[in-house]
Amino acid sequence: MSQAASLPFAYAAEPERPASHLFYVTRLRRPLVDRAEGIYLWDQRGRRMIDGSSGAMVVNVGHGNRNVLDAMKRQMDRVTFAYRLHFENEAAEELARRLAAKMPGDLDRIFFVSGGSEAVESAIKLARQWAVATSQPKRWKVITRFPSYHGGTIGALAVTGDLALTESFAPQIRDMPSIPAPAAYRDRDNLSMEQRGLRYADMLEEKILSEGPENVLAFIMEPIGGAATAALVPPDSYFPRIREICDKYGILLIHDEVMTGAARTGRYLGGDHWSCRPDIITLSKGIGSGYAPLGAMAASRRLVKPVLDMGGFQHGYTYAGNPLSCAAGLAVLDEMERLDCAGNAAAMGELLRQELLGLSRRFPFVAGVRGKGLLIGADLVADPESFAPLPKSLNANQRLLDLAYERGMIIYSRRIRGGGAELDNIILAPPLIIDAAQVGEISAILGDALEALAAELDLPVNR
Ligand code: PLP
């Protein structure tokens, strides 16, 4: 009997299924989903999966929330779509008001979109139009970090630092300057974490000077790393220095909170951990929580006013601000507050982080456990001291993902190509309504999957 056959199910082969007309990244087939509730999904054969990654860090309030569904039904009975150039709608107005109240400083202008890449495109375009409207037409460069992930559209790819995703499109993408992401936990030098934070932030100033400050429009960063860096948390000193440098050169600071927003990290915004004051914030994923496609850009009124005065923001998407998505977003926000998702993410995140730390002691090839709230990451390495990557041929990230999947749990695992190095990593990011027993369930299945990975790839285990 093969190992796969002895497991609850083998996910890949479902030979009776007809060929699909759909195509995505790979030819991999997955079971047909049937229903979902809380942190679990069931396929059509009745097999249960734990959603250890909230889909793609989306379903923050959990699956099948009755209150959200009821609010959506009420909206559906009235109107699902009314184009924003023809009508205003209460759901969009109210959601904008509520989101604005959660934003720092004067970021009380909200622009709705349908997803994260659209939010990033919107941020880049608003920044540029602001520069034009304020007689700074030379400013166009958006400095980004490497590695980073900001979306799949061409404009968002221009500021995405992941060669595997951008290389093929290089001729079509306007090259943007980048600085290293602050992976201070991997540095082996005599500096303190705080000194390292300053060193990474100062790289922004060096880059601004080498690009010509008059040409630089903005700096975009994920306050806590997402897909490209697996929950990278910069040292505390990083944030105020970045703000200081942006102010010094009149450069806009864009926080991409598509993954970290909506309470994912234990505060409503990732940047709230450091009282950050960016000029623009992008949101998506958790604000719709998988109930409807929804994203938003929050911008300072200092930016929006000159753009509107000059004739308007030359940008927009058909589905932006549609009543159904906004009603879903509003109900998600209500549920997030009623269930104290931020508080639970902080408490359960700490528990899960401790569990992962325990696993990293047992499996020394799991290193660099990090994150905040329920966005927790680690690297899969050959050497936990030097963070030397595992050989690419082992395909450790995909194998771990598969081994967990076979055991009934979805996790997020990727290999990042950045700066010449390739590092496998994992992210744990279950819905923010998870309880302590379910954290234990995730830890047990992950331990089992890591045990299987170690046996398969001949990796060390401390017994
Ligand atoms: N920005 C960040 C930080 C993300 O994590 C993502 C998606 O993972 C995006 C932007 C793109 O969002 P979407 O896939 O909804 O276009």
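What counts as what
- Residues numbered from 1 in each chain as written.
- Predicted model: local features only at pLDDT ≥ 70, side-chain atom pairs only at ≥ 80, totals over all residues.
- Heavy atoms only, no water.
- Near = heavy atom within 4 Å.
- Polar contact = N/O pair within 3.5 Å; in protein donor to acceptor, adjacent residues only side chain to side chain.
- Areas by Shrake-Rupley, 256 points an atom, 1.4 Å probe, with all protein chains shown as cover.
- Buried < 20%, exposed > 50% of the residue type's maximum accessible area, 1.4 Å probe, protein only.
- Helix = DSSP H or I, 4+ residues; strand = E, 2+ residues; numbered from the N terminus.
- Pairing = 2+ DSSP bridges.
- Axes fitted to C-alpha atoms, helices over the stretch in contact; angles between N-to-C directions.
- Contact = heavy atoms within 4.5 Å.
- Patch = residues over 30% accessible without salt bridge, like charges linked within 9 Å, V, L, I, M, F, W, Y side chains within 5 Å.
- Salt bridge = Lys/Arg side-chain N within 4 Å of Asp/Glu carboxyl O.
- 1 Å grid on protein atoms, 1.4 Å probe; cavity = no way out; pocket = protein on both sides within 12 Å on 5 of 7 lines; lining within 4 Å.
- Points joined across faces, edges and corners; volume = space filled by probe spheres on them.
- Nonpolar A, V, L, I, M, F, W, Y, C, P; charged D, E, K, R; others polar.
- Phe/Tyr/Trp six-rings, centres within 6.5 Å; stacked < 30°, edge-to-face > 60°.
- Lys NZ or Arg CZ within 6 Å of the ring centre and 35° of its normal.
- Domains from an automatic or database assignment.
- Buried area = accessible area lost by both parts, 1.4 Å probe.

### Digging into the site of the ligand
Phase 1: Around the ligand sit G115, G116, S117, Y149, H150, G151, E222, D256, V258, M259 and K285, and those are all the residues in its vicinity.
Phase 2: Between the ligand and G116, the relevant distance is 2.8 Å, taken from an oxygen atom to a main-chain nitrogen or oxygen of the residue.
Phase 3: Side-chain polar atom of D256 to a nitrogen atom of the ligand: 2.7 Å apart, as the coordinates give it.
Phase 4: In the complex, 81% of the free accessible area of the ligand, which totals 390 Å², lies under the protein chains.

### Considering the pairing of strand 2 (residues 40–43)
Phase 1: A two-sided burial pattern is seen for strand 2, the buried positions comprising Y40 and W42 on one face and L41 and D43 on the other.
Phase 2: With four bridges joining them, strand 1 (residues 33–37) and strand 2 adopt antiparallel strand pairing. Residue pairing in the sheet places E37 in a bridge with Y40 of strand 2.
Phase 3: As defined by bridge partners, strand 2 adjoins strand 3 (residues 48–51) across three bridges and the pair is classed as antiparallel. Residue Y40 lies in a different strand from strand 3, and its bridge partner there is I50.
Phase 4: Hairpin geometry of strand 2 and strand 3 is characterised by an intervening segment of four residues between the two adjacent antiparallel strands and by a positive phi of about 85° at G46.

### Notes on the sheet that holds strand 7 (residues 216–221)
Phase 1: Spatial strand order, 4-10-9-8-7-5-6: seven strands in an open sheet with mixed pairing. Since the sheet does not close on itself, it has two edges, and those belong to strand 4 (109–113) and strand 6 (178–180), each with one partner. Taking each pair of neighbouring strands and ignoring which way they run, the sheet shows an average axis angle of 20°.
Phase 2: One ladder, built from four bridges, connects strand 9 (residues 280–283) with strand 10 (residues 295–299); its direction is antiparallel. Bridge assignment links I281 to a residue of strand 10, and that residue is A298.
Phase 3: Set on the sheet, helix 5 (residues 116–133) makes contact with strand 4, strand 5 (141–146), strand 7, strand 8 (252–256), strand 9 and strand 10; between it and strand 9 the angle comes to about 160°.

### Some points on the environment of R45
Phase 1: With respect to the element layout, R45 can be found in the loop between strand 2 and strand 3.
Phase 2: C-alpha separation for the pair R45 and P31, spaced 14 residues apart in sequence, amounts to 8.4 Å.

### Things to note about a nonpolar patch on the surface
Phase 1: Taken together, the side chains of L22, Y24 and V25 define a hydrophobic patch exposed on the protein surface, amounting to about 430 Å² of accessible area.
Phase 2: Relative to the helices and strands, V25 resides in the loop between helix 1 (3–6) and strand 1.
Phase 3: Overall, the relative accessible area of 82% leaves V25 in the exposed class.

### Structural notes on empty space enclosed by the protein
Phase 1: Summed over the entire model, instances satisfying the criterion amount to one cavity of 30 Å³ or more.
Phase 2: By volume, the largest cavity amounts to about 40 Å³.
Phase 3: Lining the largest cavity, in full, are L95, L99, A262, Y268, G286, I287, G329, V332, L333 and M336.
Phase 4: Listed by contribution, the elements that provide at least two residues to the lining of the largest cavity are helix 4 (90–102) and helix 11 (323–338).
Phase 5: Sorting elements by how many residues they give to the lining of the largest cavity places helix 11 first, with four residues.
Phase 6: Residue composition of the lining of the largest cavity, by class: eight nonpolar, two polar and no charged.

### Topic: unusual backbone geometry
Phase 1: The peptide bond linking F146 to P147 adopts the cis configuration, its omega dihedral lying at -5°.
Phase 2: With respect to the helices and strands, P147 occurs in the loop between strand 5 and helix 6 (154–158).
Phase 3: Positive phi outside glycine occurs at S54, with the angle close to 50°.
Phase 4: Position of S54 relative to the elements: it lies in helix 2 (residues 54–57).
Phase 5: Note on S54: relative accessible area 0%, which makes it buried.

### Focus on the sheet that holds strand 14 (residues 409–410)
Phase 1: In space, the four strands of this open sheet follow the order 1-2-3-14, with mixed pairing throughout. Every interior strand has two partners, whereas the edge strands, strand 1 and strand 14, have only one.
Phase 2: Inspection of the sheet shows strand 3 paired to strand 14 by two bridges, in the parallel sense. If you follow D51 over to strand 14, its bridge partner there is I410.
Phase 3: Of the strands in this sheet, strand 2, strand 3 and strand 14 are in contact with helix 14 (residues 436–457), which crosses strand 3 at around 105°.

### Section: the packing of aromatic side chains
Phase 1: What the rule picks out here adds up to eight aromatic pairs.
Phase 2: The interplanar angle of 90° and the centroid separation of 5.9 Å between the aromatic rings of Y238 and F239 together place this pair among those described as edge-to-face. Considered together, Y238 and F239 belong to a single accessibility category, that of buried residues.
Phase 3: Each residue in the set F81, Y83 and Y319 is aromatic and connected to the rest through ring pairs, giving one cluster.
Phase 4: A cation over an aromatic ring shows up here: R30 above the ring of Y405, its NZ or CZ 3.9 Å from the ring centre.
Phase 5: One cation-aromatic arrangement involves R35 over W42; the distance from NZ or CZ to the ring centre is 4.0 Å.

### Re the domain arrangement of the protein chain
Phase 1: Domain annotation for the protein chain reports domain 1 (33–61 + 340–457) and domain 2 (69–338).
Phase 2: If you average the C-alpha positions of domain 1 and of domain 2, the two centres end up 25 Å apart.
Phase 3: On the domain 2 side, the residues contacting the 40 residues of domain 1 number 41 residues.
Phase 4: When domain 1 packs against domain 2, the two sides together hide about 2900 Å² of surface, and 59% of this comes from carbon and sulfur.
Phase 5: In this structure, the connection of domain 1 to domain 2 is made through one salt bridge.
Phase 6: Across the salt bridge formed by R414 and D162, the nearest N and O atoms sit 2.7 Å from each other.
Phase 7: Our enumeration of links across domain 1 and domain 2 arrives at 20 residue pairs in polar contact (both at pLDDT 80 or more).

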